[in-house]
Structure formats: structure tokens, C-alpha cells
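# Structure assessment
In case you want the letters, here they are:
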Amino acid sequence: MGEDRPYVLVSCAMSVDGHIDDASPDRLLLSGEADFDRVDEVRAGCDAILVGANTIRRDDPRLLVRSEDRRRARVARGVPPSPTKVTLTTSGDLDPGAAFFTEGTVEKLVYAPHRAAGVLGRDVGGRAVVVDAGPRVDLAWVLADLAGRGVRRLLVEGGTAIHTWFLTTGLVDELHLVVAPFFVGDRRAPRLVGDGEFPWTSNRRMTLVEARPVGDVVLLRYRLPS
């Protein structure tokens with residue numbers, strides 16, 4: 001990808017019926033150790049990891065490279081042991097005690113509209129850089145800002161609103177979709193994407209570049225239309 005934005009890779013696991021979680025308060029684990037290790041390898045090859053504020057509230061992810069060998073390899077390349085953490089919020093409703101802020105010594109970036117940025121700066125300013133994104137958060141502007149901060153490869157890990165936002169704005173280059181061998185069977189459960197106008201209306205087909213089993217799940221890797 002050019003200097004205007006990073007290469008954007010969306011990574012997600014879903015059930016056979018397209019859900020990324022169930023409707024219970026507890027996180028649903030869709031894949032196993034083999035796939036967790038694959039995702040860890042992908043993380044180690046990226047400059048930043050982005051999740052939505054709702055994912056932080058619901059799942060409290062650490063967003064760090066787990067493998068000590070991969071962390072050491074990153075440091076040997078002259079980069080931090082884990083990628084920069086990034087989140088987007090419109091409301092500013094983020095807990096300063098969340099693992100996003102407290103785990104790891106890597107840089108943390110929070111993009112928020114002007115009305116929320118001031119409060120967030122007071123709440124989490126000691127633990128993250130709060131970026132005032134203006135009247136509303138514009139995704140293309142965020143990606144350009146990340147590129148200006150040296151992010152060349154961005155991993156997007158969810159959730160539904162973030163997946164939908166990136167895909168409907170045509171700002172995704174690659175999709176890693178893991179399919180777990182079971183059904184959730186609950187229409188209240190979050191799905192991979194929500195409703196939206198997807199930009200490649202004349203050609204809805206993505207290009208499959210890889211399909212392989214990883215433990216008991218299947219990885220489908222797609223290149224998206226420009």
C-alpha cells in the first residue's frame with residue numbers, strides 16, 4: 001500500500017452460521033491453540049493492531065504478541081516487542097483499567113471525536129495518546145494519520161461495527177477468515193458484519209489466495225477488490 005495509508009488486514013473467526021461470539025456475557029472461543037499461534041504470528045508481522053471500543057469493553061483483550069521468540073525477533077529488528085495498539089471510539093466510554101491500557105509497554109493510540117477527546121485525555125492520557133479526530137472520526141483520516149506515525153501494516157481484529165466500517169469504506173486489502181466447525185444458532189449474537197453498502201457492487205467476489213485447515217478450523221485468506 002502507498003504512503004497514504006497502511007496495508008489493512010482484517011482477521012476474524014466465526015461460526016459456520018456467521019457469528020463471531022454468542023449472546024452470553026462470556027467470550028466464545030471459536031478456535032484453538034493452533035489458530036491462536038497462527039494469529040500470534042500474524043500479529044508479530046504487523047506494525048499496529050486495531051479493535052473497536054466495544055471489543056475492549058466486552059472482551060478486554062491484551063493485544064500483545066504471546067510468543068517470547070517472536071517478541072525477541074521483533075526487538076532484534078529494532079521495533080517494540082508487540083505492535084502499537086489502536087482503538088476508535090465515538091462515545092469516549094473506555095475504562096482506563098482495561099488491558100488495552102495496562103498491559104504491555106507498547107504505544108497505545110485512541111482516536112476520538114472532539115467532544116470525547118478532552119475527557120479521554122484526562123481519563124487515559126497517562127496511559128495512551130488520545131488523538132482528536134475532529135467533529136467525527138473519519139476512517140481514511142485515521143489511516144493516513146497512522147501511516148504518518150510509521151504504521152505500514154495494520155491488523156484489524158474487530159468487532160462487528162469495525163469490520164463493517166472498514167469493509168464498507170473499501171479500506172481493506174486482505175481478509176483472514178477462520179471458520180469454526182459449529183453453529184451458534186442465536187440471532188441475538190454478533191455477526192461478522194452488519195448491514196451496509198459494500199463498494200465493489202459490480203463485482204462482489206473476493207479472490208481466494210489460501211485455504212487450509214488449522215487444527216479443527218479452516219482458514220480462508222482472501223484478497224479484496226480494489
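Identification of the protein chain as 5-amino-6-(5-phosphoribosylamino)uracil reductase from Actinoalloteichus caeruleus DSM 43889 is taken from an unreviewed UniProt entry. Looking at the protein chain in UniProt, the text filed under Pathway (unreviewed entry) is "Cofactor biosynthesis; riboflavin biosynthesis."

Next up on the list: the pattern of salt bridges. This model, assessed by the stated rule, comprises 15 salt bridges. For Asp35, the salt bridge goes to Arg38, with nearest N and O atoms at 2.7 Å. Linking Asp35 with Arg38, this pair stays in helix H1 (residues 33-44), spanning 3 residues, or about one helical turn. Each member of the pair, Asp35 as well as Arg38, is classed as buried. Glu157 is the salt-bridge partner of Arg43, the closest N and O atoms lying 2.9 Å from each other. With a gap of 114 residues between them, Arg43 in helix H1 and Glu157 in the loop between strand S6 (153-156) and helix H7 (160-168) connect regions that are remote in the sequence. In this structure, a network of salt bridges that share partners links the residues Glu174, Glu210, Arg212 and Arg221.

Turning next to the pairing of strand S9 (residues 217-223). Regular strands have side chains that alternate between both faces of the sheet. Across 6 bridges, strand S7 (residues 174-179) lies against S9 in antiparallel orientation. Note on S9: the bridge partner recorded for His176 is Arg221. Two strands pair when backbone bridges link them, and strand S8 (residues 207-214) and S9 are joined in this way by 7 bridges, in the antiparallel orientation. The residue of S9 that forms the bridge with Ala211 is Leu220. Joining the antiparallel neighbours S8 and S9 is a turn of 2 residues, in which Gly215 adopts a positive phi near 65°.

In terms of nonpolar packing, the biggest core is built from 32 residues, with Leu50, Leu88, Tyr111, Leu146, Leu154, Val156 and Phe166 touching the most fellow members. Dropping the residues within four chain positions of it, Leu50 is found in contact with Val86, Leu88, Leu154, Leu155, Val156, Glu157, Gly158, Ile162 and Phe166. Residues Ile56, Ala98, Ala117 and Leu155 belong to the second largest nonpolar core, which totals 20 residues.

Turning to the pairing of strand S4 (residues 108-112), a few remarks are in order. Here S4 lies mainly inside the structure; 5 of its 5 residues are buried. The alternating pattern of S4 places Lys108, Val110 and Ala112 and Leu109 and Tyr111 on opposite faces, both of which are buried. Sheet topology places strand S3 (residues 84-88) next to S4; 4 bridges connect them, and they run parallel. Paired with Lys85 across the bridge in S4 is Lys108. Following the backbone out of S4, through helix H5 (residues 114-124) and into the adjacent parallel strand S5 (residues 129-132), one traces a crossover that is right-handed.

Attention shifts here to unusual backbone geometry. Residue Gly159 is reached from Gly158 by a cis peptide bond, and omega for that bond is 5°. Structurally, Gly159 is set in the loop between S6 and H7. In this model, Asp60 sits at a positive phi of 50°, which is unusual for a non-glycine residue. With respect to the secondary-structure elements, Asp60 resides in the loop between helix H2 (53-59) and helix H3 (68-76). On the basis of relative accessibility, which here comes to 41%, the residue Asp60 falls in the partly exposed class. Unlike most non-glycine residues, Leu63 shows phi in positive territory, near 60°. Here Leu63 lies in the loop between H2 and H3.

Thresholds applied
- Residues numbered from 1 in each chain as written.
- Predicted model: local features only at pLDDT ≥ 70, side-chain atom pairs only at ≥ 80, totals over all residues.
- Heavy atoms only, no water.
- UniProt positions renumbered as here; feature names shortened; annotations may be inferred.
- Salt bridge = Lys/Arg side-chain N within 4 Å of Asp/Glu carboxyl O.
- Helix = DSSP H or I, 4+ residues; strand = E, 2+ residues; numbered from the N terminus.
- Buried < 20%, exposed > 50% of the residue type's maximum accessible area, 1.4 Å probe, protein only.
- Pairing = 2+ DSSP bridges.
- Core = buried A, V, L, I, M, F, W, Y, C linked by side-chain atoms within 4.5 Å.
- Contact = heavy atoms within 4.5 Å.
- Right-handed = clockwise from strand over helix to strand, strands pointing away.

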